[in-house]
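These are the residues of each chain, in order.
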Amino acid sequence: MAKYLLLKHYRGAPAAVNDVPMDQWTPEEISAHVQYMRDFAARLEQTGEFVDSQALAPEGAFVRYDGEGRPPVTDGPFAETKDLIAGWMVIDVDSHERAVELAGELSAAPGKGGEPIHEWLELRPFLGERHTITE
Amino acid sequence: MDEALLRSLTPHVLGILVRRGADFAAAEDAVQDALVEAVRVWPDDPPRDPKGWLITVAWRRFLDATRADTARRRREDRVEEEPAPGPAPAADDTLRLYFLCAHPSLTPSSAVALTLRAVGGLTTRQIAQAYLVPEATMAQRISRAKRTVSGVRFDRPGDVATVLRVLYLVFNEGYSGDVDLAAEAIRLTRQLAAAIDHPEVAGLLALMLLHHARRAARTAPDGSLVPLAEQDRGRWDTRAIAEGVEILQAALARDRLGEFQAQAAVAALHADAPTAGETDWVQIVEWYDELARLTDSPVVRLNRAVAVGEADGPRAGLAALAAVDEKVPRHTAVAAYLHERDGDLTTAARLYAEAALRASDLAERDHLTRQAARLNARRAR
């Protein structure tokens with residue numbers, strides 16, 4: 001088994017095919033989208049492949065250490081050009097192919113007009129634990 | 001086996017161990033061990049006297065642990081004889097435990113965790129699941145909390161307000177995982193109300209019951225939020241409402257008003273309205289005026305602006321809102337709602353979308369996005 005991170009972006013990813021802001025959908029289209037996401041997570045729980053799913057607020061800031069005895073420096077809110085993560089799902093699957101298949105399904109979540117969003121999701125393998133038998 | 005009954009015995013048993021001279025941290029561990037043992041043994045072999053059983057087992061565990069400890073430190077084993085139980089002032093012990101677990105030296109998250117374990121009898125794993133943190137993290141939080149209060153004398157009463165804040169926090173966390181924190185908070189507040197006669201304890205209990213009564217109606221089958229005005233009032237729990245109103249009326253009759261009684265009064269007025277249109281908004285505004293006097297909280301002023309908008313019209317509501325700090329959470333959402341009531345759908349839709357970006361939880365964000373979408377769809381037609 002290998003863990004993968006599916007990253008969803010507020011901005012920074014290539015534009016989706018069906019790229020319409022959510023407040024321009026109908027309320028029913030929003031409900032259908034939310035239901036699709038819930039069903040997707042529930043199905044992965046059933047198959048034993050779901051690990052975690054979280055959403056992030058859009059606001060935030062960069063923070064760094066500024067030396068002994070000084071408060072940390074913050075730089076925010078984020079510039080409009082910054083790549084911005086909206087949330088993630090972590091899955092635990094048998095193969096890279098399976099991870100790609102699931103990311104594709106998640107990207108097919110319905111949007112405006114009930115049509116798939118074709119949203120670009122970032123798929124990233126975790127660096128795993130060192131295996132006991134390596135030779 | 002009735003797990004709620006088992007857990008309701010926790011504070012008594014712990015109080016008795018501490019009264020016998022056990023230090024709080026060790027006694028608390030021993031009681032947890034005894035609870036685990038009870039869950040294992042009672043289904044096949046239920047005791048005649050559950051409380052006596054728990055005291056005996058917990059005390060034995062405490063002695064074993066102390067002996068192991070002292071042996072390790074090569075000290076003489078002094079704790080030998082089990083002291084006579086004596087008359088157990090159970091209510092006082094329970095009350096002191098509440099005070100200890102909500103001690104002002106603890107951070108809110110530590111006080112919550114310690115209260116749920118030492119008073120509520122929940123296991124570390126259950127508390128960790130409820131707050132979605134790893135069990136090891138929660139175990140550390142609890143043991144640090146126990147160290148923090150280790151020097152606090154057990155015999156001194158504390159401030160009820162600190163206890164109420166902790167219980168309020170637990171209630172507000174709501175429901176996640178297999179532990180229903182709202183129900184647990186109600187159980188603990190009920191138990192506190194039995195141990196101390198205080199109108200604000202009653203006020204908080206009434207507030208919790210009145211809110212809990214609406215829980216089933218607050219969420220649609222698809223998980224989306226249902227605002228108060230749109231809830232199916234037939235799904236409200238009338239027994240919980242009746243109990244909440246009765247407790248509140250008895251508390252108010254004592255003429256020692258506090259913020260929880262005032263909040264409960266607002267909740268009672270909502271519960272009392274057969275339809276949203278029949279809500280007595282004028283009285284609700286008066287209660288918010290009382291609350292503002294008691295707490296001077298910006299959140300109260302925000303809620304008051306909503307009530308003013310219903311009582312005196314959206315323009316009056318917007319005027320009241322103008323005096324509230326814009327940084328208060330949900331300020332934008334309230335502005336959106338009042339502008340919609342005022343007929344300015346363009347501004348309302350823009351503000352709903354903006355409020356969605358500032359929402360602090362997913363259900364609220366989806367709800368606000370839907371509100372923006374609803375108005376945009378209407379304007380597009």
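Residues numbered from 1 in each chain as written. Chains lettered and ligands numbered in written order. Predicted model: local features only at pLDDT ≥ 70, side-chain atom pairs only at ≥ 80, totals over all residues.

## Some remarks on the overall build of chain B
Here's step 1: Secondary structure summary: chain B contains 20 helices and two strands in total.
Here's step 2: In terms of overall dimensions, chain B has C-alpha extents of about 85 × 45 × 40 Å along its principal axes.
Here's step 3: In chain B, which comprises 381 residues, the share counted as buried stands at 41%.
Here's step 4: Taking contacts inside chain B between residues at least 6 apart in sequence as the whole, the part at least 24 apart equals 60%. (Helix = DSSP H or I, 4+ residues; strand = E, 2+ residues; numbered from the N terminus. Buried ≥ 20, exposed ≤ 12 C-beta atoms within 10 Å, placed from the backbone. Contact = placed C-beta atoms within 7 Å.)

## Focus: the interface of chain B and chain A
Here's step 1: Taken together, the contacts link 14 residues of chain B with 13 residues of chain A.
Here's step 2: For the side of chain B that touches chain A, the secondary structure elements donating two or more residues are α19 (345–358) and α20 (362–380) of chain B.
Here's step 3: Looking at which element gives the most residues to the side of chain B that touches chain A, the answer is α20(B), with nine residues.
Here's step 4: Its residues placed into classes, the side of chain B that touches chain A shows six nonpolar, four polar and four charged. (Nonpolar A, V, L, I, M, F, W, Y, C, P; charged D, E, K, R; others polar.)

## Topic: the packing of helix α1 (residues 27–46) of chain A against α20(B)
Here's step 1: Orientation of α1(A) relative to α20(B), taken along the N-to-C sense of each, is 150°, at an axis distance of 8 Å. With respect to each other, α1(A) and α20(B) are oriented roughly antiparallel. Here Pro27(A), Ile30(A) and Val34(A) of α1(A) lie close against α20(B), whose contacting residues are Asp366(B), Thr369(B), Arg370(B), Ala373(B) and Arg374(B). (Axes fitted to C-alpha atoms, helices over the stretch in contact; angles between N-to-C directions. Parallel < 35°, antiparallel > 145°, perpendicular 65-115°, else oblique.)

## Observations concerning the sheet that holds strand β5 (residues 84–93) of chain A
All names here are of chain A.
Here's step 1: In spatial order, the strands read β2-β5-β1-β6; together these four strands make up an open sheet with antiparallel pairing. Only two strands of the sheet have a single partner each, and these edge strands are β2 (50–55) and β6 (122–125). Direction aside, the axes of adjacent strands within the sheet are offset by 20° on average.
Here's step 2: Two strands pair when backbone bridges link them, and β2 and β5 are joined in this way by five bridges, in the antiparallel orientation. Residue pairing across strands places Gln54 opposite Trp88, the latter belonging to β5. (Pairing = 2+ DSSP bridges.)

## Some thoughts on the pairing of strand β1 (residues 2–11) of chain A
All names here are of chain A.
Here's step 1: When β1 meets β5, the two strands line up antiparallel, connected through nine bridges. Paired with Leu5 across the two strands is Val90, which belongs to β5.
Here's step 2: Pairing analysis gives four bridges linking β1 to β6, with the strands arranged antiparallel. Following the sheet pairing, Tyr4 is matched in β6 by Pro125.

## What to know about the nonpolar core
Residue and element names in this part refer to chain B.
Here's step 1: One finds Val13, Leu17, Ala58, Ala206, Leu210 and Tyr352 to be the most contacted residues of the largest nonpolar core, which totals 112 residues.
Here's step 2: Counting residues per element, this core draws most heavily on helix α11 (residues 199–212), at nine residues.
Here's step 3: For Val13, the contacting residues outside a window of four places in its chain are Val31, Ala34, Lys51, Leu54, Ile55 and Ala58. (Core = buried A, V, L, I, M, F, W, Y, C linked by C-beta atoms within 7 Å.)

## Focus on the confidence of the model for chain B
Here's step 1: On average, residues of chain B score 90 in pLDDT, and 92% of them reach the 70 mark or higher.
Here's step 2: The complex model carries a pTM of 0.88, and its ipTM stands at 0.84. (pLDDT = per-residue confidence, 0-100.)

## Concerning the environment of Glu200(B)
Residue and element names in this part refer to chain B.
Here's step 1: One can find Glu200 in helix α11.
Here's step 2: For Glu200, a count of 19 C-beta atoms within 10 Å gives the class partly exposed.
Here's step 3: For the pair Glu200 and Glu28, spaced 172 residues apart in sequence, the C-alpha to C-alpha distance is 28 Å.
Here's step 4: When neighbours within four sequence positions are excluded, Glu200 is seen to be in contact with Val160, Leu164, Gly258, Phe260 and Gln261.

## Here's the deal with the packing of helix α6 (residues 108–119) of chain B against helix α9 (residues 160–173) of chain B
Residues and elements named next belong to chain B.
Here's step 1: Relative orientation of the contacting elements α6 and α9 amounts to 85°, with a least axis distance of 9 Å. Classified by the interaxial angle, the pair formed by α6 and α9 is roughly perpendicular. Between α6 and α9, the residues in contact are Pro108, Ala111, Val112, Thr115 and Leu116 and Val166, Leu169 and Val170, respectively.
Here's step 2: Its residues assigned to classes, the contact of α6 with α9 shows seven nonpolar, one polar and no charged.

## Some points on α19(B)
All names here are of chain B.
Here's step 1: An ideal rise of 1.5 Å per residue puts 20 Å on 14 residues; α19 measures up with 20 Å between its terminal C-alpha atoms.
Here's step 2: Where α19 is concerned, the buried positions are Ala348, Ala349, Leu351, Tyr352, Ala353, Ala355 and Ala356.
Here's step 3: Looking at the buried side of α19, the elements it contacts are α18 (331–341) and α20. (Expected span 1.5 Å × (residues − 1).)

## So, unusual backbone geometry
Here's step 1: For the peptide bond that leads from Gly76(A) to Pro77(A), omega is 0°, which places it in the cis range.
Here's step 2: Relative to the helices and strands, Pro77(A) resides in the loop between β4 (73–75) and β5.
Here's step 3: Of note, His118(A) is a non-glycine position whose phi angle comes to about 55°, a positive value.
Here's step 4: Within the fold, His118(A) resides in the loop between α2 (96–107) and β6.
Here's step 5: Its identity as a non-glycine residue notwithstanding, Arg330(B) has a phi of 75°, on the positive side.
Here's step 6: Turning to its location among the elements, Arg330(B) is positioned in the loop between α17 (314–322) and α18.

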